[in-house]
Amino acid sequence: MLDIRLFREQPDVVREGFAKVGRDPGLVDQVLDLDVKRREAITEVERLKAERNAGSKDVARTKDKAERDAKIAAMKLVGDQISELDVQANAIDLELNNLMLDLPNLPLPEVPVGKDEHDNVVVRVEGAIKEADFAVKPHWELGEELGILDFERGVRMSGTRFFVMKGLGVRLQRALISWMIDMHVDQHGYTELAVPYLVKADAMVGTGNLPKFADTIFHIEDTDLWLIPTAEVPVTNLHREEILDKAQLPLRYVAHTPCFRNEQMSAGRDVRGIKRLYQFDKVEMVKLVEPATSYDELFSLISNAEDVCKGLNIPYRLLQLCTADLGTATVKYDLEMWAPGMNEWLEVSSCGLFGDYQSRRANIRYRPEAGAKPEFVHTLNGSGLALPRVIISILENYQNADGSVTIPEVLRPYMGGIERITKSKA
RNA sequence: GGGAAGGUGGCUGAGUGGACGAAAGCAACGGUUUGCUAAACCGUCGAAGGGUCACACCUUCCGAGGGUUCGAAUCCCUCCCUUCCCGCCA
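Bear in mind the structure is a predicted one, so any value in this text is a computation, not a measurement.

Trainee: What is the right way to look at the protein's contact with RNA strand B in this model?
Mentor: Around RNA strand B there are 22 residues in total, and N53, S56, R61, R68 and R365 lie nearest to it. At the protein interface, 66% of the atoms of RNA strand B within 4 Å belong to sugar or phosphate. Take R39: an N or O atom from its side chain is 3.4 Å from a phosphate oxygen of RNA strand B. I72 places a polar main-chain atom, nitrogen or oxygen, 3.3 Å from a sugar or linking oxygen of RNA strand B. For the surface near RNA strand B, the secondary structure elements donating two or more residues are helix 3 (27-61), helix 4 (65-102) and strand 13 (364-367). Here the surface near RNA strand B takes twelve residues from helix 3, the largest share from any one element.

Given below as C-alpha coordinates:
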(Lines give C-alpha, C1' and ligand atoms only; values in the text may rest on other atoms or scores of the structure.)
Protein backbone atom coordinates (compact mmCIF):
# COMPACT_ATOMS: atom_id res chain seq x y z
CA MET A 1 0.00 0.00 0.00
CA LEU A 2 1.22 3.45 -0.86
CA ASP A 3 1.35 6.43 1.47
CA ILE A 4 -1.73 8.57 0.97
CA ARG A 5 0.45 11.64 1.52
CA LEU A 6 2.29 10.84 -1.71
CA PHE A 7 -1.01 11.21 -3.57
CA ARG A 8 -1.67 14.58 -1.94
CA GLU A 9 1.80 15.98 -2.29
CA GLN A 10 3.09 14.48 -5.55
CA PRO A 11 0.13 13.19 -7.54
CA ASP A 12 2.06 13.38 -10.80
CA VAL A 13 4.73 11.04 -9.50
CA VAL A 14 2.05 8.50 -8.67
CA ARG A 15 0.30 8.98 -12.02
CA GLU A 16 3.56 8.40 -13.85
CA GLY A 17 4.29 5.27 -11.82
CA PHE A 18 0.85 3.83 -12.50
CA ALA A 19 1.23 4.49 -16.21
CA LYS A 20 4.55 2.66 -16.22
CA VAL A 21 3.11 -0.48 -14.66
CA GLY A 22 0.07 -0.36 -16.90
CA ARG A 23 -2.53 0.93 -14.44
CA ASP A 24 -4.89 3.81 -15.03
CA PRO A 25 -3.35 7.11 -13.81
CA GLY A 26 -6.91 8.33 -13.28
CA LEU A 27 -6.98 6.14 -10.15
CA VAL A 28 -4.94 8.88 -8.48
CA ASP A 29 -7.83 11.28 -8.87
CA GLN A 30 -10.25 8.72 -7.49
CA VAL A 31 -8.05 8.44 -4.43
CA LEU A 32 -7.74 12.20 -4.02
CA ASP A 33 -11.48 12.65 -4.39
CA LEU A 34 -12.22 10.04 -1.73
CA ASP A 35 -9.51 11.48 0.50
CA VAL A 36 -11.15 14.91 0.46
CA LYS A 37 -14.57 13.40 1.13
CA ARG A 38 -13.16 11.30 3.92
CA ARG A 39 -11.53 14.23 5.65
CA GLU A 40 -14.67 16.35 5.35
CA ALA A 41 -16.74 13.58 6.89
CA ILE A 42 -14.22 13.03 9.68
CA THR A 43 -14.00 16.70 10.55
CA GLU A 44 -17.76 16.94 10.88
CA VAL A 45 -18.14 13.75 12.90
CA GLU A 46 -15.33 14.76 15.19
CA ARG A 47 -16.84 18.17 15.74
CA LEU A 48 -20.08 16.53 16.84
CA LYS A 49 -18.27 14.05 19.05
CA ALA A 50 -16.38 16.84 20.76
CA GLU A 51 -19.70 18.55 21.37
CA ARG A 52 -21.19 15.39 22.84
CA ASN A 53 -18.19 14.74 25.05
CA ALA A 54 -18.34 18.27 26.43
CA GLY A 55 -22.10 18.03 26.84
CA SER A 56 -21.91 14.72 28.69
CA LYS A 57 -19.40 16.08 31.12
CA ASP A 58 -21.69 19.01 31.66
CA VAL A 59 -24.55 16.63 32.46
CA ALA A 60 -22.47 15.07 35.20
CA ARG A 61 -21.96 18.45 36.80
CA THR A 62 -25.60 19.53 36.58
CA LYS A 63 -27.52 18.97 39.79
CA ASP A 64 -30.87 20.49 38.89
CA LYS A 65 -33.17 17.74 37.65
CA ALA A 66 -35.05 19.73 34.97
CA GLU A 67 -31.90 21.34 33.65
CA ARG A 68 -30.20 17.96 33.55
CA ASP A 69 -33.01 16.33 31.61
CA ALA A 70 -32.95 19.12 29.06
CA LYS A 71 -29.23 18.68 28.51
CA ILE A 72 -29.60 14.92 28.16
CA ALA A 73 -32.31 15.39 25.57
CA ALA A 74 -30.10 17.80 23.62
CA MET A 75 -27.18 15.37 23.67
CA LYS A 76 -29.42 12.58 22.52
CA LEU A 77 -30.07 14.56 19.35
CA VAL A 78 -26.36 15.05 18.83
CA GLY A 79 -25.89 11.34 19.35
CA ASP A 80 -28.40 10.54 16.64
CA GLN A 81 -26.57 12.82 14.20
CA ILE A 82 -23.30 11.15 15.07
CA SER A 83 -24.54 7.64 14.38
CA GLU A 84 -25.91 8.79 11.06
CA LEU A 85 -22.73 10.55 9.94
CA ASP A 86 -20.51 7.82 11.32
CA VAL A 87 -22.07 5.36 8.92
CA GLN A 88 -21.29 7.67 6.00
CA ALA A 89 -17.74 8.36 7.17
CA ASN A 90 -17.04 4.64 7.62
CA ALA A 91 -18.37 3.85 4.17
CA ILE A 92 -16.07 6.42 2.58
CA ASP A 93 -13.16 5.18 4.66
CA LEU A 94 -13.78 1.58 3.62
CA GLU A 95 -14.06 2.52 -0.03
CA LEU A 96 -10.79 4.43 0.08
CA ASN A 97 -9.04 1.64 1.94
CA ASN A 98 -10.22 -1.01 -0.53
CA LEU A 99 -9.04 1.13 -3.40
CA MET A 100 -5.63 1.67 -1.76
CA LEU A 101 -5.21 -2.08 -1.16
CA ASP A 102 -5.83 -2.72 -4.82
CA LEU A 103 -3.27 -0.21 -6.09
CA PRO A 104 0.18 -1.31 -7.27
CA ASN A 105 3.57 -0.28 -5.97
CA LEU A 106 5.60 2.37 -7.78
CA PRO A 107 8.64 1.24 -9.76
CA LEU A 108 12.02 2.82 -9.07
CA PRO A 109 13.12 5.24 -11.81
CA GLU A 110 15.78 2.88 -13.14
CA VAL A 111 13.36 0.03 -13.87
CA PRO A 112 13.03 -0.49 -17.64
CA VAL A 113 9.55 0.23 -18.89
CA GLY A 114 8.02 -2.69 -20.73
CA LYS A 115 4.84 -4.41 -21.89
CA ASP A 116 5.64 -8.02 -21.00
CA GLU A 117 8.43 -10.42 -20.11
CA HIS A 118 10.13 -9.86 -23.46
CA ASP A 119 11.16 -6.44 -22.22
CA ASN A 120 13.10 -7.86 -19.28
CA VAL A 121 16.80 -7.10 -19.55
CA VAL A 122 19.57 -9.68 -19.32
CA VAL A 123 22.13 -8.09 -17.02
CA ARG A 124 24.78 -10.79 -17.28
CA VAL A 125 25.32 -14.49 -17.94
CA GLU A 126 27.52 -16.51 -15.61
CA GLY A 127 29.13 -19.86 -16.38
CA ALA A 128 29.63 -21.50 -19.75
CA ILE A 129 27.02 -23.73 -21.35
CA LYS A 130 28.71 -27.04 -22.09
CA GLU A 131 27.88 -28.86 -25.29
CA ALA A 132 27.28 -32.54 -24.53
CA ASP A 133 28.49 -35.16 -26.98
CA PHE A 134 25.25 -37.10 -26.65
CA ALA A 135 21.56 -36.33 -26.93
CA VAL A 136 20.59 -34.54 -23.74
CA LYS A 137 17.26 -35.73 -22.38
CA PRO A 138 14.68 -33.52 -20.72
CA HIS A 139 14.32 -34.23 -16.99
CA TRP A 140 10.91 -35.85 -17.29
CA GLU A 141 12.34 -38.58 -19.52
CA LEU A 142 15.49 -38.98 -17.50
CA GLY A 143 13.65 -38.85 -14.17
CA GLU A 144 11.15 -41.53 -15.16
CA GLU A 145 13.87 -43.77 -16.54
CA LEU A 146 15.85 -43.44 -13.34
CA GLY A 147 12.72 -44.10 -11.32
CA ILE A 148 12.99 -40.90 -9.30
CA LEU A 149 10.06 -39.00 -10.86
CA ASP A 150 6.59 -40.54 -11.08
CA PHE A 151 4.10 -38.38 -12.90
CA GLU A 152 1.37 -40.93 -13.53
CA ARG A 153 0.75 -41.81 -9.91
CA GLY A 154 0.96 -38.20 -8.78
CA VAL A 155 -1.70 -37.23 -11.28
CA ARG A 156 -3.88 -40.22 -10.38
CA MET A 157 -4.25 -39.13 -6.78
CA SER A 158 -4.13 -35.34 -7.08
CA GLY A 159 -4.69 -34.44 -10.69
CA THR A 160 -2.66 -32.52 -13.20
CA ARG A 161 0.43 -30.61 -12.08
CA PHE A 162 1.18 -32.95 -9.21
CA PHE A 163 3.91 -35.57 -9.15
CA VAL A 164 5.68 -38.00 -6.85
CA MET A 165 9.39 -38.06 -6.23
CA LYS A 166 11.16 -41.23 -5.18
CA GLY A 167 14.39 -42.54 -3.80
CA LEU A 168 17.51 -40.57 -4.60
CA GLY A 169 15.37 -37.86 -6.23
CA VAL A 170 13.90 -37.01 -2.84
CA ARG A 171 17.28 -37.46 -1.23
CA LEU A 172 18.69 -34.96 -3.70
CA GLN A 173 15.95 -32.48 -2.82
CA ARG A 174 16.57 -32.94 0.89
CA ALA A 175 20.27 -32.47 0.34
CA LEU A 176 19.66 -29.27 -1.61
CA ILE A 177 17.41 -27.88 1.08
CA SER A 178 19.93 -28.56 3.85
CA TRP A 179 22.88 -27.32 1.84
CA MET A 180 21.18 -24.10 0.78
CA ILE A 181 19.85 -23.29 4.23
CA ASP A 182 23.19 -24.06 5.85
CA MET A 183 24.88 -21.71 3.40
CA HIS A 184 22.46 -18.88 4.11
CA VAL A 185 22.70 -19.39 7.85
CA ASP A 186 26.44 -20.02 8.17
CA GLN A 187 27.81 -17.76 5.46
CA HIS A 188 25.13 -15.14 4.80
CA GLY A 189 23.87 -14.40 8.29
CA TYR A 190 20.24 -15.52 8.01
CA THR A 191 18.18 -17.04 10.82
CA GLU A 192 16.27 -20.16 9.93
CA LEU A 193 12.54 -20.31 10.58
CA ALA A 194 9.91 -23.01 10.43
CA VAL A 195 6.56 -21.36 9.75
CA PRO A 196 2.89 -22.25 9.22
CA TYR A 197 1.86 -23.24 5.72
CA LEU A 198 -1.65 -22.00 6.33
CA VAL A 199 -2.22 -18.35 7.17
CA LYS A 200 -5.15 -16.04 7.79
CA ALA A 201 -6.39 -13.62 5.17
CA ASP A 202 -4.80 -10.72 7.07
CA ALA A 203 -1.37 -12.15 6.45
CA MET A 204 -2.12 -12.52 2.76
CA VAL A 205 -3.24 -8.90 2.67
CA GLY A 206 0.00 -7.94 4.39
CA THR A 207 2.21 -9.24 1.61
CA GLY A 208 -0.18 -8.10 -1.12
CA ASN A 209 -1.49 -11.51 -2.22
CA LEU A 210 -4.98 -10.45 -1.20
CA PRO A 211 -7.29 -8.99 -2.27
CA LYS A 212 -5.92 -8.69 -5.77
CA PHE A 213 -4.50 -12.15 -6.40
CA ALA A 214 -7.08 -14.31 -4.65
CA ASP A 215 -7.51 -16.49 -7.75
CA THR A 216 -3.85 -17.56 -7.65
CA ILE A 217 -3.87 -18.98 -4.12
CA PHE A 218 -5.75 -21.86 -2.49
CA HIS A 219 -8.38 -21.18 0.14
CA ILE A 220 -9.50 -23.78 2.67
CA GLU A 221 -13.26 -23.96 2.49
CA ASP A 222 -15.28 -22.81 5.53
CA THR A 223 -12.22 -21.31 7.21
CA ASP A 224 -10.19 -18.10 7.16
CA LEU A 225 -7.11 -20.09 6.19
CA TRP A 226 -5.16 -19.90 2.96
CA LEU A 227 -2.32 -22.09 1.71
CA ILE A 228 0.86 -20.08 1.34
CA PRO A 229 2.09 -19.53 -2.23
CA THR A 230 5.58 -18.83 -0.84
CA ALA A 231 7.32 -18.61 2.53
CA GLU A 232 7.47 -14.87 1.90
CA VAL A 233 3.93 -14.64 3.32
CA PRO A 234 4.41 -16.18 6.79
CA VAL A 235 7.98 -14.93 7.14
CA THR A 236 7.28 -11.31 6.21
CA ASN A 237 4.23 -11.38 8.46
CA LEU A 238 6.28 -12.67 11.37
CA HIS A 239 6.58 -9.13 12.72
CA ARG A 240 3.22 -7.76 11.62
CA GLU A 241 1.72 -5.21 14.03
CA GLU A 242 5.09 -4.79 15.72
CA ILE A 243 7.34 -1.86 16.43
CA LEU A 244 10.91 -3.13 16.20
CA ASP A 245 14.00 -1.67 17.80
CA LYS A 246 16.47 -0.16 15.38
CA ALA A 247 19.12 -2.40 16.91
CA GLN A 248 17.19 -5.48 15.74
CA LEU A 249 17.56 -4.48 12.10
CA PRO A 250 18.37 -5.78 9.61
CA LEU A 251 16.37 -8.96 10.21
CA ARG A 252 17.33 -11.70 7.77
CA TYR A 253 15.32 -14.92 7.70
CA VAL A 254 15.47 -18.06 5.65
CA ALA A 255 12.81 -20.76 5.56
CA HIS A 256 12.04 -23.87 3.59
CA THR A 257 8.37 -24.49 2.88
CA PRO A 258 6.17 -26.08 0.32
CA CYS A 259 4.42 -23.50 -1.88
CA PHE A 260 0.90 -23.88 -3.19
CA ARG A 261 -0.12 -21.99 -6.29
CA ASN A 262 -3.37 -22.11 -8.14
CA GLU A 263 -1.72 -21.53 -11.48
CA GLN A 264 -4.17 -19.95 -13.89
CA MET A 265 -2.16 -20.39 -17.06
CA SER A 266 -3.52 -21.66 -20.31
CA ALA A 267 -4.10 -25.39 -20.40
CA GLY A 268 -1.30 -27.24 -22.13
CA ARG A 269 1.46 -24.79 -21.27
CA ASP A 270 4.40 -26.18 -19.32
CA VAL A 271 2.43 -29.33 -18.51
CA ARG A 272 5.38 -31.69 -18.84
CA GLY A 273 7.85 -32.24 -16.09
CA ILE A 274 8.23 -30.38 -12.84
CA LYS A 275 8.63 -26.81 -14.04
CA ARG A 276 5.19 -25.57 -13.16
CA LEU A 277 3.19 -27.21 -10.38
CA TYR A 278 0.38 -26.63 -7.93
CA GLN A 279 2.76 -27.57 -5.13
CA PHE A 280 6.51 -27.25 -4.91
CA ASP A 281 9.25 -26.72 -2.33
CA LYS A 282 11.32 -23.60 -2.02
CA VAL A 283 13.94 -22.04 0.23
CA GLU A 284 13.11 -18.39 0.68
CA MET A 285 15.07 -15.47 2.08
CA VAL A 286 13.28 -12.50 3.61
CA LYS A 287 14.72 -9.28 5.02
CA LEU A 288 13.25 -6.50 7.10
CA VAL A 289 15.57 -3.51 6.96
CA GLU A 290 15.94 0.21 7.53
CA PRO A 291 14.85 2.15 4.45
CA ALA A 292 18.27 3.76 3.98
CA THR A 293 19.94 0.37 3.58
CA SER A 294 17.30 -1.43 1.55
CA TYR A 295 18.83 -0.87 -1.88
CA ASP A 296 22.18 -2.33 -0.82
CA GLU A 297 20.38 -5.18 0.89
CA LEU A 298 18.74 -6.07 -2.41
CA PHE A 299 22.08 -6.64 -4.08
CA SER A 300 23.44 -8.68 -1.23
CA LEU A 301 20.24 -10.73 -1.41
CA ILE A 302 20.80 -11.35 -5.11
CA SER A 303 24.40 -12.27 -4.42
CA ASN A 304 23.28 -14.73 -1.73
CA ALA A 305 21.03 -16.44 -4.26
CA GLU A 306 23.78 -16.42 -6.88
CA ASP A 307 26.11 -18.22 -4.49
CA VAL A 308 23.76 -21.21 -4.70
CA CYS A 309 23.99 -21.25 -8.50
CA LYS A 310 27.76 -20.88 -8.34
CA GLY A 311 28.10 -23.63 -5.76
CA LEU A 312 26.22 -26.00 -8.05
CA ASN A 313 28.33 -24.89 -10.97
CA ILE A 314 25.38 -24.50 -13.30
CA PRO A 315 25.20 -21.68 -15.88
CA TYR A 316 22.73 -18.97 -14.94
CA ARG A 317 21.82 -15.46 -15.92
CA LEU A 318 20.62 -12.39 -14.08
CA LEU A 319 17.61 -10.52 -15.43
CA GLN A 320 16.30 -7.14 -14.48
CA LEU A 321 12.53 -7.28 -14.75
CA CYS A 322 10.67 -4.56 -16.60
CA THR A 323 7.70 -2.64 -15.18
CA ALA A 324 5.26 -5.24 -16.54
CA ASP A 325 6.79 -8.02 -14.45
CA LEU A 326 7.37 -6.35 -11.09
CA GLY A 327 4.40 -7.74 -9.24
CA THR A 328 4.25 -5.58 -6.11
CA ALA A 329 7.98 -4.80 -5.99
CA THR A 330 9.66 -1.49 -6.68
CA VAL A 331 12.50 -3.26 -8.45
CA LYS A 332 13.12 -6.93 -9.08
CA TYR A 333 15.80 -9.22 -10.46
CA ASP A 334 15.39 -12.85 -11.49
CA LEU A 335 17.96 -15.59 -11.63
CA GLU A 336 17.52 -18.16 -14.37
CA MET A 337 19.37 -21.46 -14.54
CA TRP A 338 20.14 -23.17 -17.78
CA ALA A 339 18.28 -26.40 -18.53
CA PRO A 340 19.85 -28.05 -21.58
CA GLY A 341 17.24 -30.81 -21.82
CA MET A 342 14.39 -28.35 -22.05
CA ASN A 343 16.67 -25.98 -23.89
CA GLU A 344 15.54 -22.99 -21.88
CA TRP A 345 16.41 -20.72 -19.00
CA LEU A 346 14.42 -21.53 -15.87
CA GLU A 347 13.47 -18.93 -13.28
CA VAL A 348 14.86 -20.24 -9.99
CA SER A 349 14.85 -17.03 -8.00
CA SER A 350 13.06 -13.73 -7.92
CA CYS A 351 14.63 -11.07 -5.71
CA GLY A 352 12.54 -8.02 -5.02
CA LEU A 353 12.64 -4.86 -2.98
CA PHE A 354 9.18 -3.84 -1.84
CA GLY A 355 9.92 -0.55 -0.09
CA ASP A 356 7.24 0.10 2.53
CA TYR A 357 4.45 -1.33 0.37
CA GLN A 358 4.20 -4.53 2.41
CA SER A 359 5.23 -3.11 5.78
CA ARG A 360 2.48 -0.50 5.52
CA ARG A 361 -0.08 -3.23 4.84
CA ALA A 362 1.26 -5.52 7.55
CA ASN A 363 2.03 -2.59 9.88
CA ILE A 364 5.65 -3.51 10.53
CA ARG A 365 7.55 -0.55 11.94
CA TYR A 366 10.74 0.31 13.75
CA ARG A 367 11.79 3.20 15.93
CA PRO A 368 14.69 5.07 14.28
CA GLU A 369 15.81 6.27 17.71
CA ALA A 370 14.49 6.20 21.25
CA GLY A 371 11.49 8.48 21.57
CA ALA A 372 11.16 9.01 17.82
CA LYS A 373 8.03 8.20 15.87
CA PRO A 374 7.87 4.68 14.47
CA GLU A 375 8.53 4.34 10.74
CA PHE A 376 7.82 1.55 8.32
CA VAL A 377 10.63 -0.88 7.59
CA HIS A 378 11.47 -1.93 4.07
CA THR A 379 10.91 -5.54 3.09
CA LEU A 380 12.77 -7.70 0.60
CA ASN A 381 12.54 -11.30 -0.41
CA GLY A 382 14.13 -13.69 -2.84
CA SER A 383 14.16 -17.38 -3.52
CA GLY A 384 17.25 -19.14 -2.44
CA LEU A 385 16.28 -21.22 -4.51
CA ALA A 386 13.10 -22.82 -5.89
CA LEU A 387 13.61 -26.56 -5.72
CA PRO A 388 11.96 -28.38 -8.53
CA ARG A 389 13.61 -26.15 -11.09
CA VAL A 390 17.04 -26.52 -9.52
CA ILE A 391 16.48 -30.26 -9.67
CA ILE A 392 15.59 -29.92 -13.35
CA SER A 393 18.86 -28.08 -13.91
CA ILE A 394 20.88 -30.63 -11.99
CA LEU A 395 19.32 -33.58 -13.80
CA GLU A 396 19.78 -31.99 -17.19
CA ASN A 397 23.23 -30.44 -16.68
CA TYR A 398 24.75 -33.33 -14.78
CA GLN A 399 23.44 -36.19 -16.89
CA ASN A 400 25.85 -38.61 -18.47
CA ALA A 401 25.76 -40.47 -21.77
CA ASP A 402 24.67 -43.67 -20.00
CA GLY A 403 21.59 -42.01 -18.53
CA SER A 404 23.01 -41.61 -15.04
CA VAL A 405 23.23 -38.31 -13.20
CA THR A 406 26.31 -37.14 -11.31
CA ILE A 407 25.64 -35.54 -7.94
CA PRO A 408 27.17 -32.04 -7.67
CA GLU A 409 30.14 -32.20 -5.34
CA VAL A 410 28.77 -29.76 -2.76
CA LEU A 411 25.75 -31.99 -2.21
CA ARG A 412 27.60 -35.26 -1.70
CA PRO A 413 28.25 -34.72 2.01
CA TYR A 414 24.49 -34.28 2.37
CA MET A 415 23.82 -37.54 0.49
CA GLY A 416 25.96 -39.92 2.40
CA GLY A 417 28.75 -39.61 -0.15
CA ILE A 418 26.70 -40.88 -3.07
CA GLU A 419 28.29 -39.68 -6.31
CA ARG A 420 25.74 -40.55 -8.93
CA ILE A 421 22.17 -41.59 -9.49
CA THR A 422 21.89 -44.65 -11.74
CA LYS A 423 18.97 -46.74 -12.85
CA SER A 424 19.93 -49.64 -10.61
CA LYS A 425 20.63 -47.36 -7.67
CA ALA A 426 17.94 -44.75 -7.54
C1' G B 1 -14.58 -31.04 21.92
C1' G B 2 -16.13 -30.11 27.63
C1' G B 3 -15.04 -27.15 32.15
C1' A B 4 -12.55 -22.96 34.72
C1' A B 5 -9.94 -18.37 34.75
C1' G B 6 -8.24 -14.46 31.97
C1' G B 7 -7.12 -10.70 27.72
C1' U B 8 -5.62 -2.92 30.10
C1' G B 9 0.39 1.24 27.44
C1' G B 10 7.48 -1.76 25.85
C1' C B 11 6.69 -5.08 30.44
C1' U B 12 4.22 -6.00 35.40
C1' G B 13 -0.35 -4.43 37.09
C1' A B 14 -4.65 -1.04 39.48
C1' G B 15 -9.16 0.42 37.84
C1' U B 16 -16.89 -2.24 37.82
C1' G B 17 -21.02 3.85 34.56
C1' G B 18 -19.23 10.45 34.89
C1' A B 19 -12.86 14.83 34.33
C1' C B 20 -9.66 7.52 32.93
C1' G B 21 -5.68 7.61 27.77
C1' A B 22 -5.99 5.14 32.05
C1' A B 23 -2.81 4.68 39.30
C1' A B 24 1.70 2.48 40.70
C1' G B 25 6.19 -0.04 39.64
C1' C B 26 9.88 -1.62 36.05
C1' A B 27 12.32 -0.53 31.51
C1' A B 28 13.67 3.56 28.23
C1' C B 29 15.10 8.71 27.29
C1' G B 30 16.77 13.87 28.99
C1' G B 31 18.86 16.48 33.10
C1' U B 32 21.01 17.52 38.19
C1' U B 33 24.36 15.63 41.74
C1' U B 34 28.85 12.47 42.14
C1' G B 35 36.39 11.57 41.24
C1' C B 36 34.75 6.89 37.82
C1' U B 37 31.00 3.03 37.95
C1' A B 38 26.73 2.63 40.62
C1' A B 39 23.05 5.04 43.36
C1' A B 40 19.82 9.20 44.45
C1' C B 41 16.73 13.15 42.82
C1' C B 42 13.87 15.99 38.94
C1' G B 43 11.57 15.65 34.31
C1' U B 44 9.90 13.16 29.75
C1' C B 45 7.83 8.75 28.32
C1' G B 46 1.59 4.63 23.76
C1' A B 47 -0.59 4.58 18.83
C1' A B 48 -3.58 6.18 14.66
C1' G B 49 -6.30 10.05 12.36
C1' G B 50 -7.82 15.25 11.84
C1' G B 51 -5.81 20.12 12.46
C1' U B 52 -1.51 23.83 12.52
C1' C B 53 4.05 27.07 9.16
C1' A B 54 5.00 24.88 13.83
C1' C B 55 2.43 24.65 18.54
C1' A B 56 -2.29 24.51 20.58
C1' C B 57 -6.40 21.77 20.06
C1' C B 58 -9.93 17.79 18.57
C1' U B 59 -11.36 12.52 17.59
C1' U B 60 -10.57 7.34 18.16
C1' C B 61 -8.21 3.10 20.49
C1' C B 62 -8.20 -0.80 27.39
C1' G B 63 -8.55 -8.67 22.48
C1' A B 64 -12.34 -7.97 17.92
C1' G B 65 -17.24 -6.72 16.43
C1' G B 66 -22.13 -5.29 17.78
C1' G B 67 -25.63 -3.26 21.64
C1' U B 68 -27.52 -0.30 26.04
C1' U B 69 -26.64 4.98 27.73
C1' C B 70 -26.54 12.00 27.50
C1' G B 71 -21.86 9.40 28.80
C1' A B 72 -18.64 2.62 28.62
C1' A B 73 -11.97 0.04 30.16
C1' U B 74 -16.31 -0.56 33.45
C1' C B 75 -23.11 -3.15 31.84
C1' C B 76 -25.24 -6.78 27.80
C1' C B 77 -24.53 -10.06 23.29
C1' U B 78 -21.41 -12.61 19.64
C1' C B 79 -16.71 -14.03 18.21
C1' C B 80 -11.29 -14.61 18.68
C1' C B 81 -7.12 -15.62 21.57
C1' U B 82 -4.26 -17.14 26.08
C1' U B 83 -3.54 -20.22 30.51
C1' C B 84 -4.99 -24.46 33.49
C1' C B 85 -7.88 -29.15 34.06
C1' C B 86 -10.47 -33.24 31.37
C1' G B 87 -11.08 -35.83 26.67
C1' C B 88 -8.64 -36.98 21.95
C1' C B 89 -4.33 -37.42 19.12
C1' A B 90 1.17 -37.19 16.05
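Having seen the model, we can carry on.
Trainee: Just to check I follow, could you spell out the domain arrangement of chain A for this structure?
Mentor: Note on interface size: it is often stated as the accessible area lost on association of the parts. Partitioning chain A into domains gives domain 1 (4-102) and domain 2 (117-421). Taken over C-alpha atoms, the centre of domain 1 sits 43 Å from the centre of domain 2. Contacts between the two partners involve five residues from domain 1, matched on the other side by six residues from domain 2. Summing both sides of the interface, domain 1 and domain 2 together bury roughly 540 Å²; the carbon and sulfur share of this comes to 54%. The three residues of domain 1 that bury the most area against domain 2 are V21, L101 and D102, which together make up 69% of that side's buried surface. Applying the counting criterion to the domain 1 and domain 2 interface returns one salt bridge. Taking the shortest distance from any N to any O, the salt bridge between D102 and K212 comes out at 4.0 Å. Considering only residue class, the side of domain 1 that touches domain 2 consists of two nonpolar, no polar and three charged.

Trainee: When you look at helix 12 (residues 387-397) in this model, what are you seeing that I'm missing?
Mentor: It helps to recall that an α-helix has 3.6 residues per turn; residues three or four apart then point in one direction. With ten of eleven residues buried, helix 12 lies mostly within the body of the structure. All of the buried residues along helix 12 are L387, P388, R389, V390, I391, I392, S393, I394, L395 and E396.

Trainee: I'm lost on the nonpolar core in this one. Help?
Mentor: Where a protein is soluble and globular, its nonpolar side chains tend to be buried together. Membership of the largest hydrophobic core comes to 63 residues, with the highest contact counts inside it found for L176, L298, L312, M337, L385 and I394. Here L176 is in contact with L312, L387, V390, I391, I394 and L411, once residues within four sequence places are set aside.

Trainee: What is the right way to read the sheet that holds strand 13 from this model?
Mentor: What holds strands together in a sheet is hydrogen bonding between their backbones, with the strands either parallel or antiparallel. Pairing is mixed across the open sheet formed by three strands, whose spatial order is 7-13-14. Single-partner strands in this sheet number two, and they are strand 7 (242-245) and strand 14 (375-376). Direction of pairing for strand 7 relative to strand 13: parallel, over a ladder of four bridges. Bridged to I243 within strand 13 is R365.

Trainee: Got a minute to help me understand the packing of helix 3 against helix 4 in this structure?
Mentor: Working note: a packed helix pair is described by the angle between its axes plus the distance between those axes. One can describe the packing of helix 3 onto helix 4 by two numbers: an axis separation of 8 Å at closest approach and a directional angle of 160 degrees. It follows that helix 3 is roughly antiparallel to helix 4 by the angle criterion. Of the two possible hands of crossing, helix 3 and helix 4 adopt the one that is left-handed. Looking at the contact of helix 3 with helix 4, its residues break down into 18 nonpolar, five polar and 13 charged.

Trainee: Even after reading the chapter, I still don't get the environment of W338, so can you show me in this structure?
Mentor: Topologically, W338 is positioned in strand 11 (residues 331-339). Expressed as a C-alpha distance, the spacing of W338 and N397, which sit 59 residues apart in the sequence, is 8.0 Å. In contact with W338, other than residues within four places in its own chain, are I129, I314, P315, N343, E344, W345, S393 and N397.

Trainee: What am I meant to see in the side chain of T62 here?
Mentor: Among the structural elements, T62 can be located in the loop between helix 3 and helix 4. Only 3.2 Å separates the side chain of T62 from the side chain of K71, close enough to count as a polar contact. Among all residues touching T62, those that are not within four sequence positions of it are E67, R68 and K71.

Trainee: Help me understand the state of the cysteines in this model?
Mentor: Covalent bonding between the sulfur atoms of two cysteines is what defines a disulfide. By the definition in use, this model includes zero disulfides. Left unpaired, C259 is separated from the closest cysteine sulfur, that of C351, by 14 Å. When its relative accessible area of 0% is taken as the criterion, C259 is described as buried. Here C322 is not cross-linked by a disulfide; its sulfur's nearest cysteine counterpart is in C351, at 17 Å.

The rules behind these values
Residues numbered from 1 in each chain as written. Chains lettered and ligands numbered in written order. Predicted model: local features only at pLDDT ≥ 70, side-chain atom pairs only at ≥ 80, totals over all residues. Heavy atoms only, no water. Near = heavy atom within 4 Å. Polar contact = N/O pair within 3.5 Å; in protein donor to acceptor, adjacent residues only side chain to side chain. Helix = DSSP H or I, 4+ residues; strand = E, 2+ residues; numbered from the N terminus. Domains from an automatic or database assignment. Contact = heavy atoms within 4.5 Å. Buried area = accessible area lost by both parts, 1.4 Å probe. Salt bridge = Lys/Arg side-chain N within 4 Å of Asp/Glu carboxyl O. Nonpolar A, V, L, I, M, F, W, Y, C, P; charged D, E, K, R; others polar. Buried < 20%, exposed > 50% of the residue type's maximum accessible area, 1.4 Å probe, protein only. Core = buried A, V, L, I, M, F, W, Y, C linked by side-chain atoms within 4.5 Å. Pairing = 2+ DSSP bridges. Axes fitted to C-alpha atoms, helices over the stretch in contact; angles between N-to-C directions. Parallel < 35°, antiparallel > 145°, perpendicular 65-115°, else oblique. Left-handed = near helix turned anticlockwise from the far one by under 90°. Disulfide = S-S within 2.5 Å.

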